[in-house]
Protein chains: 2
Amino acid sequence: MTEPLRIVPLGGVGEVGRNMTLIEYGDDAIAIDCGLMFPENDMLGIDLVIPDVTYLLDNPDLLKGIFLTHGHEDHIGALPYILPQVSAPLYATQLTRGLIEIKLKEAKLLSKTEINTITTNSVIEIGPFTIEPFHVCHSIPDAVGYAIYTPNGLVVHTGEYKFDQNPADGRLPDFDRLRRYGDEGVLVLLSDSTNAERPGHTPSEQIVSETFDQIFDQAKGRVIVSTFASNISRVQQVINTAMRHNRKLAVVGRSMVDNVKMALALGYLRAPEDMMVHVDDLEDYPDSQIAIVCTGTQGEPTSALVRMANQEHRQVSLKKGDTVILSATAIPGNEELVHRTLNNLFRLGVDVIYQSLMPVHVSGHASQEEQKMMLELVRPTYFIPIQGEYRMLVLHGRLGEAVGIPPENIFVIENGQVIEFEEDIAYLTERVPSGQVLVDGLGVGDVGSVVLRDRHLLSRDGFVVVVMALDEKTGQLIDGPDIISRGFVYVRDSEELIEEAKERVIELLESGKVHRDTAATAIRDSLSEFLYQRTRRAPMIFPMVLEV
Amino acid sequence: MTEPLRIVPLGGVGEVGRNMTLIEYGDDAIAIDCGLMFPENDMLGIDLVIPDVTYLLDNPDLLKGIFLTHGHEDHIGALPYILPQVSAPLYATQLTRGLIEIKLKEAKLLSKTEINTITTNSVIEIGPFTIEPFHVCHSIPDAVGYAIYTPNGLVVHTGEYKFDQNPADGRLPDFDRLRRYGDEGVLVLLSDSTNAERPGHTPSEQIVSETFDQIFDQAKGRVIVSTFASNISRVQQVINTAMRHNRKLAVVGRSMVDNVKMALALGYLRAPEDMMVHVDDLEDYPDSQIAIVCTGTQGEPTSALVRMANQEHRQVSLKKGDTVILSATAIPGNEELVHRTLNNLFRLGVDVIYQSLMPVHVSGHASQEEQKMMLELVRPTYFIPIQGEYRMLVLHGRLGEAVGIPPENIFVIENGQVIEFEEDIAYLTERVPSGQVLVDGLGVGDVGSVVLRDRHLLSRDGFVVVVMALDEKTGQLIDGPDIISRGFVYVRDSEELIEEAKERVIELLESGKVHRDTAATAIRDSLSEFLYQRTRRAPMIFPMVLEV
């Protein structure tokens, strides 16, 4: 008798299964990915967000391995936070492993972690599972999807993919492998929904190379290309273009330097030895022979590009004649920062090239026609759209219907929703804890809705603390009230308001109407009303009464 | 002898001259527009942003009139804040006047304000200026640009425009008038740069009508269309479509109800009497005969659509079979809220139609080819791109070059930069105060960089206040230390940390190493180090020492 096969999407901020998904059978489970998400704008003060692994803590012997699809943060970035809680051997391709090792070293976890290097020829057997990584094209080399043979059928997880006929690393999509799985019969496909809103095909990386060529050709001065530190494929395109145009290339920005160094060492980036120079040595070359690759496409305040745009970069001072390329689009939520950076670059008089002006970026994800192609190659019985916000999953699900999958075999689900597959049926079953764990400094999961609500209130109208000492016998005011306030009014210009507030507290205490036990509440209510009346603002108010 | 003509762009958050621009000659000036901007995400707690009119306060008799181009917030919304400081008669078309009156009534300023109704046949003489409003197509009816005859030449200000051959209100662009000004000779053109990043032509409103027809045709249940309350043209399209499909229409959302009522009364919206019904009366009709128009396209938490998406709307409960149209695109900075709203609508199982899926919105602004057409019709000697972020002004400026305006006659400027025009030359001259004045509650301009910085710090890591009473003679600790903290850690789970912090303060005071005068600083430094060590967070720390 077989047991049910269970699929459990665990992580992703508003996204389903992007960061971590479990495949479970009996006493064994493997995880696909272990990534993080960056906080949304209203997660005040939060550094990053990781999947909730309560389910794995509740079932401590379940997890037998973590399989990584590729080396982007949203797929490997939670490892330093999750591994101390849930230990399991990792499986990753060579480049992905290299990127993981940088992280684990920093977190002092490298020596404690078993990492297995896999290739697209590997066949890994773990408990009831036989796992085959297969090659996919994405915006980073060495990306894979996984075919997972289980007692109840074959599960295919696409990872993140597009069908690029001219990828930067020259490795074409593995149509044969996908078709073979389709021929063998696929129980369920979990497929990347990121671009389910985009009709047609995602353009090839080729178009970016062509645009780069055009820009490098026309640029009289230096060319500065900014992209994600993790977009190793784009960096290769910059290297190739710089090479074709006889320019030296310097790498700027810590994360970019680390990644490029590692990828060069492992052979995933190829560049002539004498072409790569240190940024400090650029002054030995004329501007027309210089290119720079750096971070900062999202307008991150401490990134290399933003420092350059603000004329605050220690090593690179932008000037008229320079050309700056933003080879990325704004992640939703980052638009204001990106626009501000663009405006500042324009103010410097440099030539700025971004996506609105020329095709200097293409997505790493399949658009609708490719998503349909994936479904048609794999021909799954069941289909679970993953890696997308809810609306994208719905739209991806509709594409499944369009290519003939019965609607009842398509599962648009949320994180934590378990689906079980028996011999010939599939159904939704329990929900397990899932979703977002907020990381703030050293705290993992300790900042929840209460702290966030307080941060919101403080960010809107600040706070007022009023302190006083009362005689513990008579209740008479001995010292104070003193008032401290921040974020409410500009204190220096508001002395009168603060003095009136103090007087109000004194009057209240001297009125004899206030019982000592409830003095704090009475003071808060009175000040709250007074301050709102006068300013239409509602600071948090904290009376502190010492009895001496 | 003539004096110089001066043009002074005053307002706009990161945008030049969208909100207010002065045309000045000798002792007289007129203003074009008096609008507000909504705060960017990092202007914490700010309600809205208005232009800085210090220059007008410093020259109290200068301003002779405020000419409004159309009734959108970013062109009229600052009137209630500016008029009490700078009084001048207003000039507005009938619909714009209607929208202004709603605002001034609320602010109890209506009876104190002189408003002159103008039409596209008006000729207004003020001091040295002769002003002709001319019709432009925009996403609100009754929008105008201004031709301003001055002793030094003709100034043309486009307002916000596009060249729509099928506008919702049927009024075509006034090419003849623009050509006439071109023939007469235009000294300087101030033209709308909003869409300078967009190639081609902005599609006609016609395409929205066609899409609406298609959607209404297929919808079996209710159709809910959300758009901006100020997009009166779009509301007319909804009315027309509902009429064609025999649906009753209810208006939901306070600002939408106010605007529609006024526009119907003035005849700028036309609807058969019996078609408009109150939302509470919708239950008298089958779903297939119901349409609703409401606000909420930007994901505003208190808007009608967001309440509906969250199943919290008092009057409209969405259900499967309903169709919801988002007839707008996200303003940069609002993406996360819009996406959240879309996801929640999809979760309810309603059919959601938004711009990624069907053309349910078109911009109200000219794209590049129209911008060039404007330049070619008006053929100005000088060109000032206005109404855009800096990068858009640069791009618009390049279009000016492309149609043959000499680069030295194109002024890409920032707010506050005065340009003077003499008989045959133009040049940049002084800078005057300009830009952003933040409004927070009743405070206009009192929240500046200090308060905002504190709000930022509080929003990231909260605060800690530590209070104690010392004996004023001996310096001995009499009471406390007590600690209050918000936004830093979840206090209930952090008792140990708080206790340790208190002990640290006691040790410090009892160590004898701390002088009484510097106790506060010593406590702050010690706690700051301790708390950062333990949490990697940096709350604002305030020691308060009472001496009794």
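Residues numbered from 1 in each chain as written. Chains lettered and ligands numbered in written order. Predicted model: local features only at pLDDT ≥ 70, side-chain atom pairs only at ≥ 80, totals over all residues. Heavy atoms only, no water.

### Remarks on the overall build of chain A
Moving on, step 1. Summing up its helical and strand segments, chain A has 15 helices and 25 strands in all.
Moving on, step 2. Based on the C-alpha atoms only, the size of chain A along its principal axes is roughly 90 × 75 × 45 Å.
Moving on, step 3. Per-residue burial for chain A yields a buried fraction of 59% across its 548 residues.
Moving on, step 4. Taking contacts inside chain A between residues at least 6 apart in sequence as the whole, the part at least 24 apart equals 71%.
Moving on, step 5. When the accessible surface of chain A is totalled, it reaches about 21600 Å², and 46% of it is carbon and sulfur. (Helix = DSSP H or I, 4+ residues; strand = E, 2+ residues; numbered from the N terminus. Buried < 20%, exposed > 50% of the residue type's maximum accessible area, 1.4 Å probe, protein only. Contact = heavy atoms within 4.5 Å. Areas by Shrake-Rupley, 256 points an atom, 1.4 Å probe, with all protein chains shown as cover.)

### Considerations on the relation of the copies chain A and chain B
Moving on, step 1. Its rotation angle being 180°, the transformation that places chain A on chain B also includes 0.0 Å of axial translation and leaves an RMSD of 0.0 Å. Look at the turn and shift together and you get a two-fold axis relating the two. The position closest to the rotation axis in chain A is occupied by the C-alpha of A:Ser459, lying 2.5 Å away.
Moving on, step 2. Most of the interface of chain A is mirrored in chain B: 100% of its interface residues are interface residues there too. (Least-squares fit on C-alpha atoms with pLDDT ≥ 70 in both.)

### Some remarks on the packing of aromatic side chains
All names here are of chain B.
Moving on, step 1. For the structure on display, the rule yields 19 aromatic pairs over all chains.
Moving on, step 2. Note on Phe346 and Tyr354: the rings are 6.2 Å apart at their centroids and 85° apart in plane angle, and the pair reads as edge-to-face.
Moving on, step 3. A relative accessible area of 4% means that Phe346 is categorised as buried.
Moving on, step 4. The exposure class of Tyr354 is buried, given its relative accessible area of 5%.
Moving on, step 5. Between the aromatic rings of Tyr382 and Phe421, the centroid separation amounts to 5.4 Å while the plane-to-plane angle is 70°, which identifies the pairing as edge-to-face. You can see Tyr382 sitting in strand 18 (residues 380–386) and its partner Phe421 sitting in strand 19 (residues 417–421), a full 39 residues away along the chain. With respect to burial, Tyr382 and Phe421 carry one shared label: buried. (Phe/Tyr/Trp six-rings, centres within 6.5 Å; stacked < 30°, edge-to-face > 60°.)

### Remarks on the side chain of B:Ser303
Residues and elements named next belong to chain B.
Moving on, step 1. By the secondary structure assignment, Ser303 is in the loop between strand 15 (290–294) and helix 9 (304–309).
Moving on, step 2. Taking the relative accessible area as the measure of exposure, Ser303 reaches 6% and is therefore buried.
Moving on, step 3. One polar contact links the side chain of Ser303 to the main-chain carbonyl oxygen of Glu300, over a distance of 2.7 Å. (Polar contact = N/O pair within 3.5 Å; in protein donor to acceptor, adjacent residues only side chain to side chain.)

### Regarding the packing of helix 5 (residues 175–184) of chain A against helix 11 (residues 368–378) of chain A
Residue and element names in this part refer to chain A.
Moving on, step 1. Running from N to C, helix 5 and helix 11 cross one another at 50°; their axes reach a closest spacing of 7 Å. Comparing the axis directions of helix 5 and helix 11 gives the class oblique. Contacts between helix 5 and helix 11 involve Phe175, Leu178, Arg179 and Gly182 from the first element and Met373, Met374, Leu377 and Val378 from the second.
Moving on, step 2. Of the residues contributing to the contact of helix 5 with helix 11, the split by class is 6 nonpolar, 1 polar and 1 charged. (Axes fitted to C-alpha atoms, helices over the stretch in contact; angles between N-to-C directions. Parallel < 35°, antiparallel > 145°, perpendicular 65-115°, else oblique. Nonpolar A, V, L, I, M, F, W, Y, C, P; charged D, E, K, R; others polar.)

### Thoughts on the sheet that holds strand 1 (residues 5–11) of chain A
All names here are of chain A.
Moving on, step 1. Pairing is mixed across the open sheet formed by 8 strands, whose spatial order is 7-6-5-3-2-1-19-20. The open sheet has two edge strands, strand 7 (115–117) and strand 20 (426–431), and neither has a second partner. Taken pair by pair, the neighbouring strands of this sheet meet at an average axis angle of 25°, ignoring direction.
Moving on, step 2. Taken together, the 4 bridges between strand 3 (residues 28–32) and strand 5 (residues 63–67) define a ladder with parallel strand orientation. Note on strand 5: the bridge partner recorded for Ile32 is Phe67.
Moving on, step 3. Running at roughly 160° to strand 7, helix 4 (residues 94–106) makes contact with strand 6 (90–92) and strand 7 of the sheet. (Pairing = 2+ DSSP bridges.)

### Some details on the pairing of strand 19 (residues 417–421) of chain A
The two faces of the sheet receive side chains in turn, since in a regular strand these alternate between them.
All names here are of chain A.
Moving on, step 1. Burial of strand 19 is extensive: 5 of the 5 residues sit out of reach of the surface.
Moving on, step 2. Every second residue of strand 19 is oriented toward a common face, with Gln417, Ile419 and Phe421 on one face and Val418 and Glu420 on the other, all of them buried.
Moving on, step 3. Across 3 bridges, the pairing between strand 1 and strand 19 is antiparallel. Paired with Leu5 across the two strands is Phe421, which belongs to strand 19.

### Overview of the environment of B:Glu15
Residue and element names in this part refer to chain B.
Moving on, step 1. Turning to its location among the elements, Glu15 is positioned in the loop between strand 1 (5–9) and strand 2 (21–25).
Moving on, step 2. Linking Glu15 and Met37, residues 22 residues apart in sequence, is a C-alpha distance of 9.4 Å.
Moving on, step 3. Sequence-distant contacts of Glu15, defined by excluding residues within four places in its chain, comprise Met37, Gln387, Gly388, Glu389 and Asn415.

### A word on the confidence of the model for chain A
Moving on, step 1. Taken as a whole, chain A shows an average pLDDT of 93; of its residues, 99% reach a score of 70 or greater.
Moving on, step 2. For this predicted complex, the interface confidence score (ipTM) comes to 0.89, while the overall pTM stands at 0.91. (pLDDT = per-residue confidence, 0-100.)

### Here's the deal with the interface of chain A and chain B
Moving on, step 1. Contacts between chain A and chain B engage 69 residues on the former and 69 residues on the latter.
Moving on, step 2. Interface area for chain A against chain B, summed over the two sides, is near 6200 Å², with a carbon-plus-sulfur share of 58%.
Moving on, step 3. Of all residues in chain A, A:Glu336, A:Arg391 and A:Leu546 bury the most surface against chain B, accounting for 10% of the area lost on that side.
Moving on, step 4. Linking chain A to chain B there are 14 salt bridges.
Moving on, step 5. Between B:Asp440 and A:Arg537 there is a salt bridge, and its shortest N-O distance comes to 3.3 Å.
Moving on, step 6. Those elements that provide at least two residues to the side of chain A that touches chain B are helix 10 (335–347), helix 12 (390–402), helix 13 (449–461), strand 23 (463–470), strand 24 (477–486), helix 15 (519–535) and strand 25 (540–547) of chain A. (Buried area = accessible area lost by both parts, 1.4 Å probe. Salt bridge = Lys/Arg side-chain N within 4 Å of Asp/Glu carboxyl O.)

### Topic: a negative patch on the surface
Residues and elements named next belong to chain A.
Moving on, step 1. Together, Asp280, Asp281, Glu283 and Asp284 make up a negatively charged patch on the protein surface.
Moving on, step 2. Positionally, Asp280 belongs in the loop between helix 8 (254–266) and strand 15 (290–294).
Moving on, step 3. Residue classification places Asp280 among the partly exposed residues on the basis of a relative accessible area of 44%. (Patch = residues over 30% accessible without salt bridge, like charges linked within 9 Å, V, L, I, M, F, W, Y side chains within 5 Å. Lys, Arg positive; Asp, Glu negative; His and termini not counted. Charge placed at Lys NZ, Arg CZ, Asp CG, Glu CD.)

### Focus: the pattern of salt bridges
Moving on, step 1. Tallying each qualifying case throughout the model produces 70 salt bridges over all chains.
Moving on, step 2. B:Lys162 serves as the salt-bridge partner of B:Asp164, at 3.7 Å between the closest nitrogen and oxygen.
Moving on, step 3. B:Lys372 is the salt-bridge partner of B:Glu369, the closest N and O atoms lying 3.2 Å from each other. Residue B:Glu369 and its partner B:Lys372 are located together in helix 11 (residues 368–378), separated by 3 residues, close to a single helical turn.
Moving on, step 4. Through salt bridges with shared partners, a single network forms among A:Glu132, A:Asp174, A:Arg177, A:Arg180 and A:Glu184.

### Considering helix 14 (residues 495–510) of chain A
Residue and element names in this part refer to chain A.
Moving on, step 1. Spanning 16 residues, helix 14 covers 22 Å between terminal C-alpha atoms, matching the ideal 22 Å at 1.5 Å per step.
Moving on, step 2. Within helix 14, the full set of buried residues consists of Leu497, Ile498, Ala501, Lys502, Val505 and Leu508. Looking straight down helix 14, one finds that the buried residues subtend no more than 140° of arc, so they occupy a single side. Exposed side chains of helix 14 directed beyond 90 degrees from the buried face belong to Glu495, Glu496, Glu507 and Glu510.
Moving on, step 3. On its buried side, helix 14 packs onto strand 23, strand 24 and helix 15.
Moving on, step 4. Where helix 14 terminates, the next one or two residues include Gly512, which has phi positive at roughly 75°. (Expected span 1.5 Å × (residues − 1). Arc of directions from axis to C-beta.)

### Re the sheet that holds strand 13 (residues 223–226) of chain A
All names here are of chain A.
Moving on, step 1. The strand order 14-15-13-16-17 describes an open sheet built from 5 strands, whose pairing is parallel. Of all the strands in the sheet, just strand 14 (248–252) and strand 17 (351–353) have a single pairing partner and so form its edges. Strand-to-strand twist across the sheet, computed as the mean angle between neighbouring axes with direction ignored, equals 20°.
Moving on, step 2. As judged from the 4 bridges shared by strand 13 and strand 15, these two strands associate in the parallel manner. Bridged to Ile224 within strand 15 is Ile292.
Moving on, step 3. Across the face of the sheet, helix 6 (residues 205–218) comes into contact with strand 13, strand 15, strand 16 (323–326) and strand 17 while running at roughly 165° to strand 16.
Moving on, step 4. Docked against the sheet, helix 7 (residues 232–244) engages strand 13, strand 14 and strand 15, running at close to 180° with respect to strand 15.

### A closer look at the packing of helix 14 (residues 495–510) of chain B against helix 15 (residues 519–535) of chain B
Residues and elements named next belong to chain B.
Moving on, step 1. Packing of helix 14 against helix 15 leaves a shortest axis separation of 10 Å and a crossing angle of 145°. The way helix 14 lies across helix 15 gives a crossing that is right-handed. When helix 14 is examined against helix 15, the residues Leu497, Glu500, Ala501, Arg504, Val505, Leu508 and Leu509 are found in contact with a partner set consisting of Ala522, Ile523, Ser526, Leu527, Glu529, Phe530, Leu531, Arg534 and Thr535.
Moving on, step 2. Of the residues assigned to the contact of helix 14 with helix 15, the class counts are 10 nonpolar, 2 polar and 4 charged. (Left-handed = near helix turned anticlockwise from the far one by under 90°.)

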